[in-house]
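Examining the three-dimensional arrangement
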Amino acid sequence: MQTSPPASGAVAPPIPAQPQSPRDLFVSFTWLALQGFGGVLAIVQREMVEKKKWLTPEQFLEDWAVAQVMPGPNVINLGLMIGDRYFGLRGALAAVAGMLTIPLVVILALAVLYAHYAGNPQVAAALRGMGAVSGGLIAATGIKLVPQLRKHPLGFAVCLAIMALVFLAITMLKIPLGWVLLVLGGVACVWTWRKIPA
């Protein structure tokens, strides 16, 4: 049976990009890990969404939310989900191996150097400077994700209010992250579930 060509003026939906093989996942996640000084959230979003286009901004936001509430490092959880989506268990293992293998060697080497130079005030000052850069990267990524909330079933204003409550609970009230996720995250999940039409 022949398929008729698309009508003139009709544009076929773009085929989503995806990794070519588990090896592609391994190399990509190794590259992510090597860039991720002080946290890889900003780099993961840029590489997976903007450059490689393996995820849409909405998919990234949803996957990152799931990765955050699961136990373990967020980016490892995200790598497991992306790898599994495309290549099953082989893909999940390839993504995690990419995140851990070469960075483990680098960290062991840096640990030896740090043990030797830890008392040096210049080294301590440099590490504090990297902390400021890391905070900026995380804040920039959070700001980039905010526009995607306009499509959320709860509405943009409610999402901003929940964000403000989470910020207030963690920074001002010093409530442990687990309780914030359990209470506010639970309320947001149930509320969203009720809003989505069956």
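Read on for an overview of the structure. (Residues numbered from 1 in each chain as written. Predicted model: local features only at pLDDT ≥ 70, side-chain atom pairs only at ≥ 80, totals over all residues. Heavy atoms only, no water.)

**Re the environment of Asn74**
Among the secondary structure elements, Asn74 is positioned in helix H4 (residues 74–117). Put simply, Asn74 and Trp64 are 10 residues apart on the chain and 7.5 Å apart in space, counted from C-alpha to C-alpha. Excluding anything up to four places from it in sequence, Asn74 contacts Trp64, Ala67 and Gln68. (Helix = DSSP H or I, 4+ residues; strand = E, 2+ residues; numbered from the N terminus. Contact = heavy atoms within 4.5 Å.)

**Points about the pattern of salt bridges**
Per the stated rule, a full pass over the model turns up 4 salt bridges. The partner of Arg46 in a salt bridge is Glu47, with the nearest N and O atoms 3.8 Å apart. In this structure, Lys151 engages Glu58 in a salt bridge whose closest nitrogen and oxygen atoms are separated by 2.4 Å. With a gap of 93 residues between them, Lys151 in the loop between helix H5 (121–145) and helix H6 (156–172) and Glu58 in helix H3 (residues 57–69) connect regions that are remote in the sequence. According to the relative accessible area criterion, Lys151 is exposed, its value standing at 60%. Take Glu58: its relative accessible area is 25%, and that puts it in the partly exposed class. One network of salt bridges, in which partners are shared, links Arg46, Glu47 and Lys51. (Salt bridge = Lys/Arg side-chain N within 4 Å of Asp/Glu carboxyl O. Buried < 20%, exposed > 50% of the residue type's maximum accessible area, 1.4 Å probe, protein only.)

**Structural notes on helix H7 (residues 177–195)**
An α-helical turn contains 3.6 residues, so any two residues separated by three or four positions project in the same direction. The end-to-end C-alpha separation of H7 is 26 Å, in line with the 27 Å expected for 19 residues at 1.5 Å each. Along H7, the largest kink reaches about 30 degrees and is centred on Gly185. Those residues of H7 not exposed but buried are Val180, Ala188 and Thr192. The secondary structure elements touched by the buried residues of H7 are H6. (Expected span 1.5 Å × (residues − 1). Bend = angle between axes of the 7 residues up to and from the residue.)

**Structural notes on the packing of aromatic side chains**
Tallied over the full model, the rule gives 1 aromatic pair. Here Phe60 and Trp64 contribute two aromatic rings whose centre-to-centre distance is 5.9 Å and whose plane-to-plane angle is 15 degrees, an arrangement assigned as stacked. Of this pair, Phe60 and Trp64 both sit in helix H3, 4 residues apart, which is roughly one turn of that helix. (Phe/Tyr/Trp six-rings, centres within 6.5 Å; stacked < 30°, edge-to-face > 60°.)

**A closer look at unusual backbone geometry**
Phi is positive for Lys53, close to 60 degrees, though the residue is something other than glycine. With respect to the helices, strands and loops of the structure, Lys53 is situated in the loop between helix H2 (41–51) and H3. With a phi angle near 55 degrees, Lys174 is a residue other than glycine that sits in the positive phi range. By the element assignment, Lys174 lies in the loop between H6 and H7. With relative accessibility at 64%, the residue Lys174 sits in the exposed group.

**Topic: the side chain of Asp63**
Its location among the elements puts Asp63 in helix H3. A relative accessible area of 9% places Asp63 in the buried class. Excluding residues within four positions of it along the chain, Asp63 makes contact with Leu55, Leu78, Met81 and Arg85.

**What to know about a nonpolar patch on the surface**
On the surface, a nonpolar cluster with roughly 1100 Å² of combined accessible area is contributed by Leu165, Phe167, Leu168, Met172, Leu173, Ile175, Trp179, Leu182, Val183, Val187 and Trp191. With 5 residues, H7 is the single largest residue contributor to the nonpolar patch. Inspection of the secondary structure assignment puts Val183 in helix H7. (Patch = residues over 30% accessible without salt bridge, like charges linked within 9 Å, V, L, I, M, F, W, Y side chains within 5 Å. Areas by Shrake-Rupley, 256 points an atom, 1.4 Å probe, with all protein chains shown as cover.)

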